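Chain by chain, the residues run as shown.
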Amino acid sequence: MLIDSHAHLHDRKFDRDREKVIKNLKRDGIEKVINIGTSIRASKQAIDLAEKYDNIYATVGINCGGEEEYPTIPQLRPLLKSKKVVAIGEIGLDYHHYPDEKEIQKKCFRKQIDLANEFNLPIVVHDRKANQDTFDIIKGEKEKNEKLRGVIHCYSGDLNLAKEYVKLGFYISIAGPVTYRSAKKLKDVAAEIPLDNLFIETDAPYLSPGQIGRKRNEPAYVRYVAGAIADLKGIPFQLVERKTANNIKRLFNIT
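Owing to the predicted nature of the structure, the values given are computational and were not obtained by experimental measurement. (Residues numbered from 1 in each chain as written. Predicted model: local features only at pLDDT ≥ 70, side-chain atom pairs only at ≥ 80, totals over all residues. Heavy atoms only, no water.)

*Asks:* Explain the packing of helix H6 (residues 184–192) against helix H7 (residues 222–233) here, please?
*Replies:* Angle between the axes and distance between the axes: these two values describe a pair of packed helices. Between H6 and H7, the shortest axis-to-axis distance is 8 Å and the interhelical angle comes to 70°. Judged by the inter-axis angle, H6 sits roughly perpendicular to H7. For the pair H6 and H7, the contacting residues are Lys187, Ala190, Ala191 and Glu192 in the first and Ile229, Leu232 and Lys233 in the second. Looking at the contact of H6 with H7 residue by residue, the class counts come to 4 nonpolar, no polar and 3 charged. (Axes fitted to C-alpha atoms, helices over the stretch in contact; angles between N-to-C directions. Helix = DSSP H or I, 4+ residues; strand = E, 2+ residues; numbered from the N terminus. Parallel < 35°, antiparallel > 145°, perpendicular 65-115°, else oblique. Contact = heavy atoms within 4.5 Å. Nonpolar A, V, L, I, M, F, W, Y, C, P; charged D, E, K, R; others polar.)

*Asks:* Looking at this structure, I do not really get the layout of surface pockets. What am I missing?
*Replies:* Over the atoms, a rolling probe the size of a water molecule traces out where space has been left empty. Counted as a void, the largest pocket has a volume near 1,000 Å³. Taken together, 34 residues line the largest pocket, and the ones lying closest to its centre are Glu90, His126, Arg128, His153 and Asp203. (1 Å grid on protein atoms, 1.4 Å probe; cavity = no way out; pocket = protein on both sides within 12 Å on 5 of 7 lines; lining within 4 Å. Points joined across faces, edges and corners; volume = space filled by probe spheres on them.)

*Asks:* Before we go on, may I ask you to explain the pattern of salt bridges in this structure?
*Replies:* Pairs may arise between side chains of opposite charge once their charged atoms sit close together. The final tally for this structure, using the stated rule, is 15 salt bridges. In this structure, Lys249 engages Glu31 in a salt bridge whose closest nitrogen and oxygen atoms are separated by 3.1 Å. Of this pair, Lys249 sits in helix H8 (residues 237–252) while Glu31 is found in strand S2 (residues 30–35), placing the two residues 218 residues apart along the sequence. With its nearest N and O atoms 3.9 Å apart, the salt bridge here joins Glu141 to Arg110. (Salt bridge = Lys/Arg side-chain N within 4 Å of Asp/Glu carboxyl O.)

*Asks:* When you look at the pairing of strand S4 (residues 85–94) in this model, what are you seeing that I'm missing?
*Replies:* By the criterion of burial, S4 is predominantly enclosed, with 10 of the 10 residues buried. In this sheet, S4 lies alongside strand S3 (residues 56–60) in parallel orientation, the contact comprising 3 bridges. Each bridged residue has a counterpart across the sheet, and for Val60 the counterpart in S4 is Ile88. Note that S4 and strand S5 (residues 123–128) share 6 bridges and pair parallel. Its bridge partner being in S5, Ile91 is matched across the sheet by Val125. Note that the unit made of S4, helix H3 (residues 102–119) and S5 has a crossover that is right-handed. (Buried < 20%, exposed > 50% of the residue type's maximum accessible area, 1.4 Å probe, protein only. Pairing = 2+ DSSP bridges. Right-handed = clockwise from strand over helix to strand, strands pointing away.)

In structure tokens, the structure reads:
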């Protein structure tokens, strides 16, 4: 069965039918979902869902966009007591939405990497229009702590950068845009990066695959991502399914 390595099932877009979506996961071929926090509030919501359902896990993190969020980082610490928390994230840099807050984002990113190192947890990294700065920070932190590990979610860099992440022991996560005709750069990454280094995800309710159009994204649609990777590599769907599930379980230490 497939694993969706990155979704936001606590998002208000699921308020109408969240329980039904989760109930149907197994029917839809989804073994597990990693539910991702982006703020203190969202992290608590992610944990609440994970503790309610056996097949859902949580991450906690703050996707910082300004000075006001940096002081809230210590509030993540008590959330790490939950046994369903498997990573710190999503954390990272977003120069699209917060182009004038670059330095505080870097500070916030490094602070949460410190937290991941302290608790020996992997990181889930958000990178939007900040490819080089994101890589430089991770490389620098990896040099300080060789145990640092994680995944670059919804990868948006080029093939050469993806290869550098693989050298650092990081995974590359492929999302719905790989199904878009215009996504040549991402298709190259999906085709060339070894399957042992890939994750699949939906980022639900966002980034719906091309086959879905404007409909809300949800974990069941991760199969379109897996299918696109299988086609690009010329390998069986079942191999993508098995390998990516094993990769996700290995990083997040789940069975």
